Amino acid sequence: MSPQTRESLFRALFPDEPAYRWKQVEQALFTPNAKGWEDVKTLPKAMRETLIDAMPWITCRAERMYRSHSDDTFKAVLIAADGKRFESVLMLNKRGQWTICVSSQIGCAMKCTFCATGAMGFKRSLTSDEIMDQYRFWQAHLRTQPSLATRISNVVFMGMGEPMTNYDNVKKAIHTWLEYTDIGPTRITVSTVGVIMQMEKLLTDDDWPPVRVAVSLHSANQQRREEIVPTTVPEFLKKLADWSHRYAKLKGNQRHHITYEYTLITGVNDTLELAHELGRYIRKTAASKINLIPYNPVAGKTFSRSSDQRIDAFKQILRDYGLDVTQRKTMGDDIAAACGQLITETPAETEAKDRGRIVLDMGRTDHA
Ligand code: SAH
């Protein structure tokens, strides 16, 4: 069973309070510089005191924090109230502000063959509070680092888990950010392995926020995709192309556009033939943006990253099809914070791997 949400706990604690109180409480969670309920002066004193005793200010705490050698990426190992661990990443973006890469679940049930999170299996979905609090956690962290920019401008659902299989909680967290932070909907990207059933639901959901959607394609060859993304349903590519046209029609304004993600793995999906197949396929869909992700190594897997020359050749072929091709910058790979590297390690594994990683402890920096 998932832990209780903050809202249901509040309603149980204060059944007779008017509806606006909960909004005040929610807003209070985003008060700059507030470190706990005691700092929220908009609430009556008695309520603050009850909240201090009964409701944790934040649903997760950091067990460990890592900083990449290039200083542009942080990874936190967070612990939820039930003791379960999950990870969250903070990355400097092109505009000199921060992008947070949030988890929507602990572990993942999708089992993509090249992904570390897939290999650890599924533990549970995160609550909307736990998803939303990853923003609050990173915001609080940045306030303790005076030398760093403070603004979180973007959120990507590219941490642990498959957001489409935790649809309601993901949607709730997004709405909360849109209401109480300065992050706009075009700065939020939900990345999905391509859960067609849930994607169909999104099409007719008027309450689905106007965020960006990224679909992890990884191959435009049905058989090859089935081999590396085992949740691929029969006729996936046909269904996705069809979905993309209806998406463009129903949600077809500037804000709603689709990007395809494609992790390039040597000999698996990076042949020039497959690049042509991909180019032809994407042209049949309603989207033309593709983001190539160089494969990040995962312990225990024999896959390897495509060479720079191959990535360039692949890119050029796609450009010749008129596609808008970008390449994802690899960030945080020295602290296992890059795409597909998030996993909850055992303490022994952590100890072994921490040699050579920069571990931050209560604001202190240890060059281990
Ligand atoms: N469940 C979501 C989010 C996954 S993480 C989804 O499937 O989209 C974001 C991206 O990183 C996905 O495209 C995922 O397939 C990709 N990825 C997973 N493992 C990777 C690895 N080892 N190297 C590079 N990208 C990887």
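Reading the values: the criteria
- Here the residue numbers are simple positions, counted from 1 along each chain's written sequence.
- pLDDT decides what is reported in this predicted model: residues at 70 or higher carry local features, side-chain atom pairs at 80 or more are listed and counted, and totals for whole chains, interfaces and linings draw on all residues regardless.
- Remark: hydrogens and water are excluded; side-chain values derive from all non-hydrogen atoms of the structure.
- Think of a nonpolar core as a cluster: buried Ala, Val, Leu, Ile, Met, Phe, Trp, Tyr and Cys residues, connected wherever their side-chain atoms sit within 4.5 Å.
- Burial classification: accessible surface area is computed with a 1.4 Å probe over protein chains only, and a residue below 20% of its type maximum counts as buried, one above 50% as exposed, and the rest as partly exposed.
- As annotated, the domain borders come from an automatic or database domain assignment.
- Throughout, a residue-residue contact means that at least one pair of heavy atoms, one from each residue, lies within 4.5 Å.
- All axes are obtained by fitting lines to C-alpha atoms, using only the stretch in contact for helices, and the reported angles, taken between N-to-C directions, cover 0 to 180 degrees.
- A run of DSSP states H or I qualifies as a helix once it reaches four residues; a run of E qualifies as a strand once it reaches two. Both are numbered from the N-terminal end.
- Each angle receives one of four descriptions, namely roughly parallel if under 35 degrees, roughly antiparallel if over 145, roughly perpendicular if within 65 to 115, and oblique otherwise.
- For a crossing to be left-handed, the near helix must be turned anticlockwise from the far one by less than a right angle; the clockwise case is right-handed.
- Following the grouping adopted for this structure description, the nonpolar residues are Ala, Val, Leu, Ile, Met, Phe, Trp, Tyr, Cys and Pro, the charged ones are Asp, Glu, Lys and Arg, and the polar ones are all others, Gly among them.
- Two strands make a pair as long as DSSP finds a minimum of two bridges between them.
- We call a crossover right-handed when, viewed with both strands directed away from the observer, the connection leading from the first strand over the helix to the second proceeds clockwise.
- Buried area is understood as the total, over both parts, of accessible area removed when two parts are fitted together, assessed with a 1.4 Å probe.
- Any carboxyl oxygen of Asp or Glu within 4 Å of a side-chain nitrogen of Lys or Arg constitutes a salt bridge here.
- In protein, a polar contact means a hydrogen-donor-capable atom and an acceptor-capable atom, both N or O and within 3.5 Å, with residues adjacent in sequence counting only if both atoms are side-chain atoms; elsewhere, any N or O pair within 3.5 Å suffices.

A.B. asks: Could you give an account of the nonpolar core, with specific residues and numbers?
C.D. replies: Counting 113 residues, the largest nonpolar core has Phe 157, Trp 177 and Ile 290 as its most contacted members. Residues from two domains meet in this core; each of domain 1 (1-57) and domain 2 (58-361) gives at least three. Excluding its chain neighbours within four sequence positions, the residues that come into contact with Trp 177 are Phe 30, Val 102, Ile 131, Met 132, Tyr 135, Val 155, Phe 157 and Ile 188.

A.B. asks: Tell me about the packing of helix H1 (residues 6-13) against helix H2 (residues 19-28), and name the residues and values.
C.D. replies: The geometry of H1 relative to H2 is characterised by a closest axis approach of 11 Å and an angle of 135° between their N-to-C directions. Relative to H2, the element H1 lies oblique. At the point where H1 passes H2, the crossing takes the right-handed sense. Contacts between H1 and H2 pair Arg 6, Glu 7, Phe 10 and Arg 11 from the former with Arg 21, Trp 22 and Val 25 from the latter. Grouping the constituent residues of the contact of H1 with H2 by class yields three nonpolar, no polar and four charged.

A.B. asks: Give a detailed account of the environment of Ile 335, specifying residues and quantitative values.
C.D. replies: In this structure, Ile 335 sits in the loop between strand S12 (324-327) and helix H12 (347-354). On the basis of relative accessibility, which here comes to 0%, the residue Ile 335 falls in the buried class. A sequence separation of 233 residues divides Ile 335 from Val 102, and the C-alpha atoms of the two residues are 16 Å apart. In this structure, Ile 335 is in contact with Tyr 66, Arg 67, Ser 68, Thr 73, Phe 74, Lys 75 and Arg 357, ignoring residues within four places of it in sequence.

A.B. asks: Tell me about unusual backbone geometry, and please be specific about residues and values.
C.D. replies: Within the chain, His 218 stands out as a residue other than glycine whose phi angle is a positive 65°. Examined against the element boundaries, His 218 turns out to sit in the loop between strand S9 (212-216) and helix H8 (222-228).

A.B. asks: Break down the pairing of strand S11 (residues 289-294) for me, with residues and values.
C.D. replies: Among the six residues in S11, five count as buried, and that is most of the element. Of the pairings in the sheet, the one linking strand S10 (residues 258-264) to S11 comprises six bridges and is parallel in character. Its bridge partner being in S11, Glu 261 is matched across the sheet by Asn 291. Regarding the hand of the β-α-β motif, the stretch spanning S10, helix H10 (residues 272-284) and S11 is right-handed. Summarising the sheet, S11 and S12 pair through four bridges and their orientation is parallel. Note on S12: the bridge partner recorded for Ile 290 is Val 325.

A.B. asks: Please set out the domain arrangement of the protein residue by residue, giving values where relevant.
C.D. replies: Taken domain by domain, the protein comprises domain 1 (1-57) and domain 2 (58-361). Listed by partner, the interface residues are 14 residues for domain 1 and 18 residues for domain 2. Interface area, domain 1 with domain 2, both sides summed: about 1,400 Å², of which 52% is carbon and sulfur. Inspection of the region where domain 1 meets domain 2 yields four salt bridges. A salt bridge links Glu 179 to Lys 23; the shortest N-O distance between them is 3.5 Å. Our enumeration of links across domain 1 and domain 2 arrives at six residue pairs in polar contact (both at pLDDT 80 or more). Of all the secondary structure elements, the ones that give two or more residues to the side of domain 1 that touches domain 2 are H1 and H2. When residues of the side of domain 1 that touches domain 2 are assigned to their parent elements, the largest contribution, three residues, is made by H2.

A.B. asks: Before we move on, could you go through the packing of helix H5 (residues 128-143) against helix H6 (residues 167-180) and cite the residues and values that matter?
C.D. replies: Two elements in contact, H5 and H6, have axes separated by 8 Å at closest approach and are oriented at 40°. With respect to their mutual orientation, H5 and H6 come out oblique. Viewed along their axes, H5 and H6 form a crossing whose handedness is right-handed. Residues Ser 128, Ile 131, Met 132 and Tyr 135 of H5 touch H6, and the partners they reach there are Asn 169, Val 170, Lys 172, Ala 173, Thr 176 and Trp 177. In terms of residue class, the contact of H5 with H6 is made up of six nonpolar, three polar and one charged.

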